[in-house]
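Notes for the structure review
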Amino acid sequence: RLKQMTLQLGSSHKTTHGELSWFGGCLPIHVDSPVRMVMDGIGMVLLLSDTIIVPFMLAWEKGSEGSFLGIACIMVLFWSCDFISNFLTSFTKEDVLVRDFRAIA
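Let me sum up the structure you'll find in this document. (Residues numbered from 1 in each chain as written. Predicted model: local features only at pLDDT ≥ 70, side-chain atom pairs only at ≥ 80, totals over all residues. Heavy atoms only, no water.)

1. Notes on the overall build of the protein
So the rule is basically this: Runs of E in the DSSP output that reach at least two residues are strands. Runs of H or I that reach at least four are helices, and both are numbered from the N terminus. To sort residues, take the accessible area from a 1.4 Å probe on protein chains only and compare it with the maximum for the residue type: under 20% means buried, over 50% means exposed, and anything in between is partly exposed. Whether two residues are in contact is decided by their heavy atoms: any pair within 4.5 Å suffices. Note on areas: Shrake-Rupley, 1.4 Å probe, and residue coverage restricted to the protein chains presented here.
From N to C terminus, the protein includes three helices and three strands. Per-residue burial for the protein yields a buried fraction of 26% across its 105 residues. By sequence separation, contacts in the protein at least 24 residues apart represent 59% of the contacts at least 6 residues apart. Here the protein has roughly 7,700 Å² of accessible surface; of this, 66% comes from carbon and sulfur atoms.

2. Description of the side chain of Ser 85
Examined against the element boundaries, Ser 85 turns out to sit in helix 2 (residues 67–86). On the accessibility criterion, Ser 85 (7% relative accessible area) is buried. Residue contacts for Ser 85: discarding those within four places in its chain leaves Arg 36 and Met 39.

3. Details of the pattern of salt bridges
Going by this rule: Between Lys or Arg on one side and Asp or Glu on the other, a salt bridge is scored when a side-chain nitrogen of the former is within 4 Å of a carboxyl oxygen of the latter.
Counting across every chain of the model gives two salt bridges. Taking the shortest distance from any N to any O, the salt bridge between Asp 40 and Arg 36 comes out at 3.0 Å. Taken together, the positions of Asp 40 and Arg 36, both in helix 1 (residues 34–59) and four residues apart, correspond to about one turn of that helix. Here Arg 36 makes a salt bridge to Asp 82, at a shortest N to O gap of 2.9 Å. Of the two residues, Arg 36 is situated in helix 1 and Asp 82 in helix 2; the sequence distance between them amounts to 46 residues. Asp 82 sits in the buried class, given a relative accessible area of 12%. Look at the salt bridges and you will find they share partners, linking Arg 36, Asp 40 and Asp 82 into a network.

As structure tokens, this is what we get:
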């Protein structure tokens, strides 16, 4: 079983399990949570599509217009959200689940 480290702030409320209550206990996101798994899966699909779309656009000098513009906007939005969510996701270090926001950052 994973041990848990928590950030202790004076204004935080501890739950009965000794964890901090951040936004109802949903932050930080657990590294193995379904939300994180779905985001990682979407990231893999978008990365695969990038490896196809970018060379196509460069080879045939297609600009970012029409459906390509829509796909590009979705990708930028997703990667921006993914970047931020990585600062809100716990991680494991030597079989210890680290939930300390300072350690995560």
